[in-house]
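Observations on chain architecture
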Amino acid sequence: MKTTMSGLLRRMAIVAMGLALAACASVSSTGAPTIAATDTIAVLPIVNYTETPQAGLRAEAIAESLLKAGGISNTKRYPATVSQETLFEPAERQAVTRALEWARTERARYALTGSVQEWRYKVGVDGEPAVGVTLQLLDVQTGNVVWTATGNRTGWSRSSVSGVAQSLLQQMLSPLTRG
């Protein structure tokens, strides 16, 4: 009887841990297109809807790196000029339409864009990091959305926002990558 009770307690603990971890992240996405090895993905501006300066730029850099690490070697990043002295993204970063035109001149097949809804440490005793992002993959020629994903993730009090963002973006981008 004692063995059965300890086995039951162990199973309950595993289920509770699984539920706690599942509550920390949520990702929803559509079916991803098959990306050929010769396809180029242009990384366009990711719009920052948060109060955190340059969150969109940070998400772009992480997303581009994860695409390359996932086997998509042909990436190009929209060449926006950002002054090192300003904390906020210039208004031209929000001109995704102009960036899409640039992607066409670069002969990119797809363009990755999106928005950041949350990029901060929560207020409270533990100050857990929280990230919320939406991504869209556009067919550059038509401008149509061919894939979209939205997700959010929180971390533990000793986690960093960039680490939580990397984990979330990796999970979100995994349908597009080969790794």
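Computed from a predicted model, the values in this text were never measured in an experiment.

Some remarks on the packing of aromatic side chains
Under the definition given, this model contains 1 aromatic pair. Geometrically, the ring pair formed by Tyr78 and Trp102 is edge-to-face, given 5.7 Å between the ring centres and 75° between the ring planes. Remark: Trp102 occurs in helix 3 (residues 96-105) and Tyr78 occurs in the loop between strand 3 (75-77) and helix 3; sequence separation between them is 24 residues. On the basis of relative accessibility, which here comes to 12%, the residue Tyr78 falls in the buried class. Classification of Trp102 by relative accessible area gives buried; the value is 17%. Cation over ring: Arg109 sits above Tyr110, and NZ or CZ is 4.6 Å from the ring centre.

Description of the pairing of strand 2 (residues 41-48)
Counting buried residues in strand 2 gives 8 out of 8 residues, a clear majority hidden from the surface. Judged from the 3 bridges that link them, strand 2 and strand 3 form a sheet pairing that is parallel. By the bridge assignment, Ile41 is partnered in strand 3 with Thr75. Following the chain from strand 2 across helix 2 (residues 55-69) to the adjacent parallel strand 3, one finds a crossover that is right-handed.

Here's the deal with the environment of Asn48
Turning to its location among the elements, Asn48 is positioned in strand 2. Owing to a relative accessible area of 14%, Asn48 belongs among the buried residues under this scheme. Taking the C-alpha atoms as reference points, Asn48 and Gly114, 66 residues apart in sequence, are found 8.9 Å from one another. Polar side-chain contacts of Asn48 include one of 2.6 Å to the side chain of Thr50. Within the structure, the side chain of Asn48 is placed 2.7 Å from the backbone oxygen of Thr52, a separation counted as a polar contact.

Description of the nonpolar core
Of all hydrophobic cores here, the largest spans 29 residues; its most connected members are Leu112, Trp119, Leu135 and Leu173. Mapped onto this core, the elements with two or more residues apiece are strand 2, helix 2, strand 4 (110-121), strand 5 (129-139), strand 6 (145-154) and helix 4 (161-173). Ranked by residue count, the leading element in this core is helix 4, at 7 residues. For Leu135, the residues in contact, after removing those within four places along its chain, are Ile46, Leu112, Thr113, Gly114, Trp147, Thr148, Ala149, Leu169, Met172 and Leu173. One finds Ala99, Ala103, Leu138 and Val140 within the second-largest nonpolar core, a separate group that totals 11 residues.

Some points on the packing of helix 2 against helix 4
Two elements in contact, helix 2 and helix 4, have axes whose closest approach is 10 Å; the angle formed by their N-to-C orientations is 50°. With respect to their mutual orientation, helix 2 and helix 4 come out oblique. Classified by chirality, the crossing of helix 4 by helix 2 is right-handed. In contact with Ala59, Ile62, Ala63, Leu66 and Leu67 of helix 2, helix 4 contributes Ser162, Ala165, Gln166, Leu169, Gln170 and Leu173. Of the residues contributing to the contact of helix 2 with helix 4, the split by class is 8 nonpolar, 3 polar and no charged.

Quick look at helix 3
Every buried residue of helix 3 is accounted for by Ala99, Leu100, Trp102 and Ala103. When helix 3 is viewed along its axis, its buried side chains cluster within an angular range of 155° and face the same direction. Turned more than 90 degrees from where helix 3 packs its buried face, Thr97 and Thr105 sit exposed. Of the surrounding secondary structure, the elements contacted by the buried residues of helix 3 are strand 2, strand 3, strand 4 and strand 5. Backbone geometry just after helix 3 places Arg107 at a positive phi near 60°.

Quick notes on helix 4
Taking 1.5 Å of rise per residue, the 13 residues of helix 4 would be expected to cover 18 Å, and the 18 Å separating its terminal C-alpha atoms lies within 8% of that figure. Taken residue by residue, helix 4 has Val161, Val164, Ala165, Leu168, Leu169, Met172 and Leu173 as its buried positions. Angular distribution of buried residues about the axis of helix 4 spans 150°; they occupy a single face of the element. Elements in contact with the buried residues of helix 4: strand 1 (25-29), helix 2, strand 4, strand 5 and strand 6.

Cut-off values and rules
- Residues numbered from 1 in each chain as written.
- Predicted model: local features only at pLDDT ≥ 70, side-chain atom pairs only at ≥ 80, totals over all residues.
- Heavy atoms only, no water.
- Phe/Tyr/Trp six-rings, centres within 6.5 Å; stacked < 30°, edge-to-face > 60°.
- Helix = DSSP H or I, 4+ residues; strand = E, 2+ residues; numbered from the N terminus.
- Buried < 20%, exposed > 50% of the residue type's maximum accessible area, 1.4 Å probe, protein only.
- Lys NZ or Arg CZ within 6 Å of the ring centre and 35° of its normal.
- Pairing = 2+ DSSP bridges.
- Right-handed = clockwise from strand over helix to strand, strands pointing away.
- Polar contact = N/O pair within 3.5 Å; in protein donor to acceptor, adjacent residues only side chain to side chain.
- Core = buried A, V, L, I, M, F, W, Y, C linked by side-chain atoms within 4.5 Å.
- Contact = heavy atoms within 4.5 Å.
- Axes fitted to C-alpha atoms, helices over the stretch in contact; angles between N-to-C directions.
- Parallel < 35°, antiparallel > 145°, perpendicular 65-115°, else oblique.
- Left-handed = near helix turned anticlockwise from the far one by under 90°.
- Nonpolar A, V, L, I, M, F, W, Y, C, P; charged D, E, K, R; others polar.
- Arc of directions from axis to C-beta.
- Expected span 1.5 Å × (residues − 1).

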